Amino acid sequence: MRDHRRPRANWLTTTLGVLGFVGVCCGLTVIKTSAHFAARWIGLLPTLGLVVLGVVVAMVRADLLRRRDQRIRRELDSYLEREDWSPVTGPTSWPWTAPEGTVTVDRAYGGRFSMVFGEISWSRDALGGSTDNSTGRGVFWVVTLPRPVPDAAVQRRRGVPRRRAGEDEFRRRFRCIIDEPWIADRLAGPAVREAYVSGRIPPWTVRGDQLYVVIRTKRQLDPALVATLVDQAQTLSRLLTAPAGPDPIQEAPPGIAG
């Protein structure tokens, strides 16, 4: 028997279409009204001149952004080739579990240090506590550790409480999901905690032998950002697998802004 109910996706598409149409109509009305008052107060020709100038500025800005993106992409491609990174193609199994269609890996690269990195976007809180926003885009990296470790995570708190005098800033901003005492001991050092608070070390999640990080940022992948991701991955891998000894976070890489 055929199901004659319309798919939910059709309702969503129709709703978005109607909202888009209304937005365009409202935008045209605002533009028309603004142009009318501008022509009335400063004259028709100056108004047309301002409109043309605005269009030219918008076109120039769009062209500059396009050229910048092309330049960054060329620099990245050249850097990745020199450093022996290659695109990840074909079906890939990622360590996070998310409903279909809620996480998109836009591009990814691998080839060194048992590591894969790239650009990612997500929605509907698909990555859970691995990120500090339910929807966004950014960069990620995944490292295969030399040996499996118990599942654990350090997550950024989404609702950070007001700071009280003498309160541990690390505990105020982050929560640790860790059952093994030896992993908890790796987070006890002041240098480790300061690295998290300052943003030099990002929140992370480990599942078996897969350690991964997702960082929300508007930055595109470029050579400097790739180098930072590699440094982070190596630092956190040492933190979780190195024998007990000196603090492995003393030379943590800089944080990622943007």
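That block above? That's the structure.
Residues numbered from 1 in each chain as written. Predicted model: local features only at pLDDT ≥ 70, side-chain atom pairs only at ≥ 80, totals over all residues. Heavy atoms only, no water.

## What to know about the pattern of salt bridges
Under the counting rule described, the total for this entry stands at 13 salt bridges. With its nearest N and O atoms 3.4 Å apart, the salt bridge here joins Arg71 to Glu75. Placement of both Arg71 and Glu75 in helix α2 (residues 44–82) is noted, with a separation of four residues, approximately one turn of the helix. Here Glu75 falls in the partly exposed class, since its relative accessible area comes to 38%. When the shortest N-O distance is used, the salt bridge between Glu119 and Arg107 registers 3.2 Å. Residue Glu119 is located in strand β3 (residues 115–122), and its partner Arg107 is located in strand β2 (residues 103–112); the two are separated by twelve residues in the primary sequence. Sharing partners across several salt bridges, the network here consists of Arg107, Glu119 and Arg137. (Salt bridge = Lys/Arg side-chain N within 4 Å of Asp/Glu carboxyl O. Helix = DSSP H or I, 4+ residues; strand = E, 2+ residues; numbered from the N terminus. Buried < 20%, exposed > 50% of the residue type's maximum accessible area, 1.4 Å probe, protein only.)

## Quick notes on the side chain of Glu169
Relative to the elements of secondary structure, Glu169 occurs in helix α3 (residues 169–173). When its relative accessible area of 11% is taken as the criterion, Glu169 is described as buried. Separated by 2.7 Å, the side chains of Glu169 and Arg173 make a polar contact. Look past the residues within four positions of Glu169 in its chain and what remains in contact with it is Arg163 and Val197. (Polar contact = N/O pair within 3.5 Å; in protein donor to acceptor, adjacent residues only side chain to side chain. Contact = heavy atoms within 4.5 Å.)

Interpretation note: all reported values are geometric properties and have no functional meaning in isolation.
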